[in-house]
Amino acid sequence: MSVSITDQLPVVVIGAGPIGLAAAAHLVERGLEPLVLEAGLSAGTAVRDWSHVRLFSPWSEVTDPAAEKLLAPTGWVRPDGTTYPSGGDWAGQYLQPLADVLGDKVRYGATVTGVARAGRDRIVDSGRDEQPFTVHIRTSEGIEERISASAVIDASGTWSVPSPVGANGLPALGEQRAADRVSYRVPDLEDPAVRARYAGKRTAVVGSGASAFTALAYLADLAKEEDGTHAVWILRRGLGADTYGGGEADQLPARGALGLRAKAAVEDGYASAVTGFRTQAVEKEGDRLVLVAEDGRRLDPVDEVIVLTGFRPDLSFLSEIRLGLDERLQAPTALAPLIDPNAHSCGTVYPHGVRELSHPEQGIYLVGMKSYGRAPTFLAMTGYEQVRSITAALAGDQEAAERVELTLPETGVCGGAGLFDEPENSENAEQSGGGCCAPTPVQTLQIGGPATTSGGC
């Protein structure tokens, strides 16, 4: 049987994060040639940005089996599976060694600016599927290049596109003008410059998920040492029994403890909660900021604003590719019903693979956090199963591609926007947040940044 030119081309993987590197390991195991394009100058660039934040999942749940096989000959040994790595641990002790083993199959300083079919824009049908992909990149030196690929696996995550403070999904009036006082990351208060930014200051924290809990806990600790430090916690919903998660009933003790720390921050007076507040504008008042809600409420001035309202996928460089995406979540249409937070039920996010992740354009796949679009939760093990299935399909092993090789515990996809206007005492209140999720054996992981576990679960 003759081998086509397309078959001889590499499979381009976008992003050298946990799922992208796992995809490369599975491709190698299948005898296919990967080329990982990483915009940063090291593996796990996005993970390193939250290196100070500890994961909720232990080491046993955050390494990929194919990657471990690739690492084994180097003498690499997985850290104690019962311990919890920080983002820095994950990047330094697993992701970078894995990228090093892959060697020249990983290229750093390569930002993908476009993906298309060679010689075909998205309009053209004729001969489309027979053409290889062309991946446009810009190097860290500013040089533009074109790379041909037999297939593309986009594991670029969502870290580069944080959601704004504006409650309608668009930047609030004045938000961009106040950019020097607005952050979209959990602050690393061990960094002297970051600590000085918030010490003795009044800071608004916008968000209702794990990242907001983390920021509140950090700022409360700072307030105990630095007089004048105070956090104003802004929620679009009201306070309820499930606002702080599962607490001691949470099957993830680290996450439950974090929610309890956030609760203590409020009860001990280090933070104050403002509920039902949907930000419409960020106004400057002298050298401070005033947040204004859609209902006209104005908060007392703050010095800083930390926005932790989630992330969204960057689809701009895929504009010439025919993707099939859910109109709400921006996730693949077959996957979206499994992860839609508007459902507000603690159903199962089933392991899924090539079938749910395929698009009208053959040979391109969004995986990892990118595949979840705007949905707030993601499982590392689910991502590893995604790329195992996809690489099996690319190797022509359809039976393995369609076989589920991962058993996951039930996990709730709760919270989100759908019912947040319901009264606290409504019959839906119990199902509108994290309370229904907490007692279930969830294995939730922050991929692409700590805010990805927001949304109530």
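None of these values were measured; they are calculated from a predicted model.

Caption draft 1: Region of the structure containing unusual backbone geometry. Of note, Gln330 is a non-glycine position whose phi angle comes to about 60 degrees, a positive value. Checked against the element boundaries, Gln330 lands in the loop between strand E14 (304-307) and helix H8 (336-339).

Caption draft 2: Geometry of helix H1 (residues 18-29). Between its first and last C-alpha, H1 extends 17 Å over twelve residues, near the 16 Å set by a 1.5 Å rise per residue. Counting buried residues along H1, ten of its twelve residues qualify, which places the element largely inside the surrounding structure. Those residues of H1 lying buried are Pro18, Ile19, Gly20, Leu21, Ala22, Ala23, Ala24, Ala25, His26 and Leu27. The positive-phi residue at the C-terminal boundary of H1 is Gly31, with phi of around 80 degrees.

Caption draft 3: Focus on the packing of aromatic side chains. Applying the stated criterion to the full structure yields five aromatic pairs. Taking 6.1 Å as the distance between ring centres and 75 degrees as the angle between the ring planes, the aromatic pair formed by Phe213 and Trp233 counts as edge-to-face. Of this pair, Phe213 sits in helix H6 (residues 210-225) while Trp233 sits in strand E10 (residues 230-234), placing them 20 residues apart in sequence. An identical accessibility class is assigned to Phe213 and Trp233; each is buried. Centroid distance Tyr372 to Phe378: 4.9 Å. Interplanar angle 90 degrees. Geometry classified as edge-to-face. One exposure class covers both Tyr372 and Phe378, and it is buried. Across from the ring centre of Phe133, 4.0 Å away, lies the NZ or CZ of Arg117, which sits over that ring.

Caption draft 4: Examining the sheet that holds strand E4 (residues 110-117) more closely. Strand order in this open sheet of three strands is E4-E5-E6, and the pairing throughout is antiparallel. Each having just a single partner strand, E4 and strand E6 (144-149) make up the two edges of the open sheet. Averaged over all pairs of adjacent strands, the angle between their axes in this sheet comes to 25 degrees, without regard to strand direction. Bridging between E4 and strand E5 (residues 133-139) involves seven bridges; their strand directions are antiparallel. What sits directly across from Arg117, in E5, is Phe133.

Caption draft 5: Spotlight on the sheet that holds E14. With parallel pairing, five strands are arranged side by side in an open sheet as E8-E14-E9-E10-E11. Two strands bound the open sheet, and with one partner strand each, they are strand E8 (182-183) and strand E11 (271-274). Summarising the sheet, E10 and E11 pair through four bridges and their orientation is parallel. Looking at E11, one finds that Ile234 is bridged to Val274.

Caption draft 6: The pattern of salt bridges, seen in detail. On inspection of all chains with the given rule, the structure shows 26 salt bridges. Its salt-bridge partner being Asp326, residue Arg328 comes within 3.8 Å of it at the nearest N-O pair. Residue classification places Arg328 among the partly exposed positions, given a relative accessible area of 47%. You can call Asp326 buried: its relative accessible area is 14%. Here Glu385 ties to Arg388 by a salt bridge, and the two come within 3.0 Å at their closest N and O atoms. With a gap of three residues between them, Glu385 and Arg388 both fall in helix H10 (residues 380-394), about one helical turn apart. A relative accessible area of 6% places Glu385 in the buried class.

Definitions and cut-offs
Sequence positions are assigned chain by chain, starting from 1 and proceeding in written order. Only residues with pLDDT of 70 or above have their local features reported here, since the model is predicted, and side-chain atom pairs are shown and tallied only from 80 upward, although totals for entire chains, interfaces and linings are computed over all residues. Note that water and hydrogens are dropped before the side-chain values are worked out from all heavy atoms of the structure. Under the DSSP-based scheme used, a helix requires at least four consecutive residues in state H or I and a strand at least two consecutive residues in state E, with every element numbered from the N terminus. In a helix, the anticipated span is given by 1.5 Å times the number of residues less one. Burial classes follow relative accessibility: with a 1.4 Å probe on protein chains only, a residue under 20% of its type's maximum area counts as buried, one over 50% as exposed, and anything between as partly exposed. Stacked, edge-to-face and tilted are the three classes for Phe, Tyr and Trp ring pairs, Trp counted by its six-membered ring, which pair at centre distances within 6.5 Å; planes under 30 degrees apart are stacked, over 60 edge-to-face, the rest tilted. Comment: the charge-over-ring label is applied if NZ (Lys) or CZ (Arg) is within 6 Å of the ring centre and within 35 degrees of the ring normal. Two strands are said to pair when DSSP picks up at least two bridges between them. Fitted lines through C-alpha atoms serve as axes, helices being fitted only where they are in contact, and the angles separating the N-to-C directions of these axes extend from 0 to 180 degrees. For this document, the term salt bridge refers to a Lys or Arg side-chain nitrogen within 4 Å of an Asp or Glu carboxyl oxygen.

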